[in-house]
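Coordinates in review
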Amino acid sequence: MAAKVLDGKKIAADYRANLAQEVEQLKAQGVTPNLTVILVGNDGASQSYVNNKKKSAEKIGMSSSIIHLDESTSEAALLDEIEKLNQDANVHGILVQVPLPKQIDETKVLEKIAPEKDVDGFNPINIGRLYAGVETYIPCTPLGIMEILKHADIDLEGKDVAVIGRSHIVGQPVAKLLTDANATVTLLHSRSKDMGDVLKRSDVIVSAVGKPGLVTKDVVKEGAVIVDVGNTVVDGKLTGDVVYDEVSEVASAITPVPGGVGPLTITMVLNNTLLAAKRAQK
Ligand SMILES: Nc1nc(=O)c2c([nH]1)NC[C@@H]1CN(c3ccc(C(=O)N[C@@H](CCC(=O)O)C(=O)O)cc3)C=[N+]21
């Protein structure tokens, strides 16, 4: 039986419709949620992501600005720019697009973003708060993955879930969220032994590596749910980690690339910006 396609675009559109209503309510109270994105340099893909975020924010009634800095911007100048946004009461969410040019230390930048405006959840303070189980901003891709799984009609309780990839922005936090949802999580990475055996017994596989062709039909259990977080450009085409055509013959549900996790990532940036605006009111 062919897998159910988990349509990220549709799930994202429904979610954004709810966000739009909440934005409207806040605006009635005189607060317009604002997302400000800083982009350093001229990477084409980054420019298109950033424009996408601004457009999506405006579409649900938020205000959004892009601060576009030159490729040669110094670390000090970027930190100054962030400081201004930290002080600006009209800015609720700050996002600095990564990767950054090599003269800039990414950790210093992420640490500079005020934790209460850090809608990516990349500031080490917010990462720590996530693991401590206290109020924070959950990184957008992990949050989006959990939202997609909600729509896959699977109960995670006691299920075996394999997460492939141990990044700070996807693999590790999603493993934490899945554990909180009572799944038994195995975090696999480039040094893992017997990856195929673990995958083969998993009820859910989340692949967040960026390596097309990584997940093939022969390592997927009949009826498994597959979430593909890979986004690698191959011959100008966005490509996931999963060999979609063959894996969808055995999986019960699968996310496509594009049109799967990506639209939810942007949706959760908006979600966290709304949350930041609400928290600022208190
Ligand atoms: N500070 C920061 N925060 C981020 O969240 C962040 C970042 N930096 N740097 C780059 C990555 C990448 N990322 C994506 C978001 C949406 C799609 C997305 O919507 N993709 C569409 C397709 C878009 C297309 O066709 O180009 C899809 O999968 O359907 C992809 C990738 C966020 N990132």
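Note that the coordinates shown come from a computational prediction; the quantities given were computed from them, not determined experimentally. (Residues numbered from 1 in each chain as written. Predicted model: local features only at pLDDT ≥ 70, side-chain atom pairs only at ≥ 80, totals over all residues. Heavy atoms only, no water.)

1. Observations concerning the site of the ligand
The environment of the ligand is made up of 16 residues, and the closest members are Val 96, Gln 97, Val 98, Asp 120 and Gly 259. A distance of 2.6 Å separates an oxygen atom of the ligand from a polar backbone atom of Gly 259. Within the backbone of Gly 262, a nitrogen or oxygen atom sits 3.3 Å from an oxygen atom of the ligand. When the free accessible area of the ligand is taken as 670 Å², the share hidden by the protein chains comes to 74%. If you list the elements that add at least two residues to the shell around the ligand, you get helix 2 (44–59), strand 4 (93–96) and helix 10 (261–281). For the shell around the ligand, the element with the highest residue contribution is helix 10, accounting for four residues. The class makeup of the residues in the shell around the ligand is nine nonpolar, five polar and two charged. Split by domain, the shell around the ligand shows at least three residues from each of two domains, domain 1 (30–122) and domain 2 (140–261). (Near = heavy atom within 4 Å. Polar contact = N/O pair within 3.5 Å; in protein donor to acceptor, adjacent residues only side chain to side chain. Areas by Shrake-Rupley, 256 points an atom, 1.4 Å probe, with all protein chains shown as cover. Helix = DSSP H or I, 4+ residues; strand = E, 2+ residues; numbered from the N terminus. Nonpolar A, V, L, I, M, F, W, Y, C, P; charged D, E, K, R; others polar. Domains from an automatic or database assignment.)

2. Things to note about the confidence of the model for the protein
Of all residues in the protein, 100% have pLDDT values of 70 or greater, and the mean over the chain is 97. ipTM for the predicted complex: 0.95, alongside a pTM of 0.97. (pLDDT = per-residue confidence, 0-100.)

3. Observations concerning the UniProt feature "binding site: NADP(+)" (unreviewed entry) in the protein
Under the UniProt annotation, the feature "binding site: NADP(+)" (unreviewed entry) is placed at Gly 165, Arg 166 and Ser 167. Within the secondary structure, Gly 165 is located in the loop between strand 5 (160–164) and helix 7 (171–180). With sequence-adjacent residues up to four places away left out, Gly 165 is seen in contact with Gly 171, Gln 172, Leu 187, Leu 188, Ala 208 and Val 209. As for its position among the elements, Ser 167 is in the loop between strand 5 and helix 7. Those residues in contact with Ser 167, other than ones at most four positions away along the chain, are Gln 172 and Pro 173. From its side chain, Ser 167 meets the backbone nitrogen of Val 170 in a polar contact 2.9 Å long. (UniProt positions renumbered as here; feature names shortened; annotations may be inferred. Contact = heavy atoms within 4.5 Å.)

4. What to know about helix 5 (residues 124–132)
By the N-cap criterion, in which a side-chain oxygen at the helix start approaches the backbone nitrogen of a residue two or three places on, helix 5 is capped by Asn 123, the distance to Ile 125 being 2.8 Å. Where helix 5 ends, the next residue or the one after it, Gly 133, has phi of about 75°, a positive value.

5. Considerations on the sheet that holds strand 3 (residues 63–69)
The strand order 3-2-4 describes an open sheet built from three strands, whose pairing is parallel. Looking at the sheet topology across the chains shown, the edges are occupied by strand 3 and strand 4. On average, each strand axis in the sheet is tilted by 15° relative to the strand beside it, whichever way the strands run. Relative to strand 4, strand 2 (residues 34–40) runs parallel, the two sharing four bridges. Bridge assignment links Val 37 to a residue of strand 4, and that residue is Leu 95. Helix 2 contacts strand 2, strand 3 and strand 4 of the sheet and is inclined by roughly 160° relative to strand 3. Contacts from helix 3 (residues 75–87) reach strand 2, strand 3 and strand 4 within the one sheet, and its direction differs from that of strand 2 by about 175°. (Pairing = 2+ DSSP bridges. Axes fitted to C-alpha atoms, helices over the stretch in contact; angles between N-to-C directions.)

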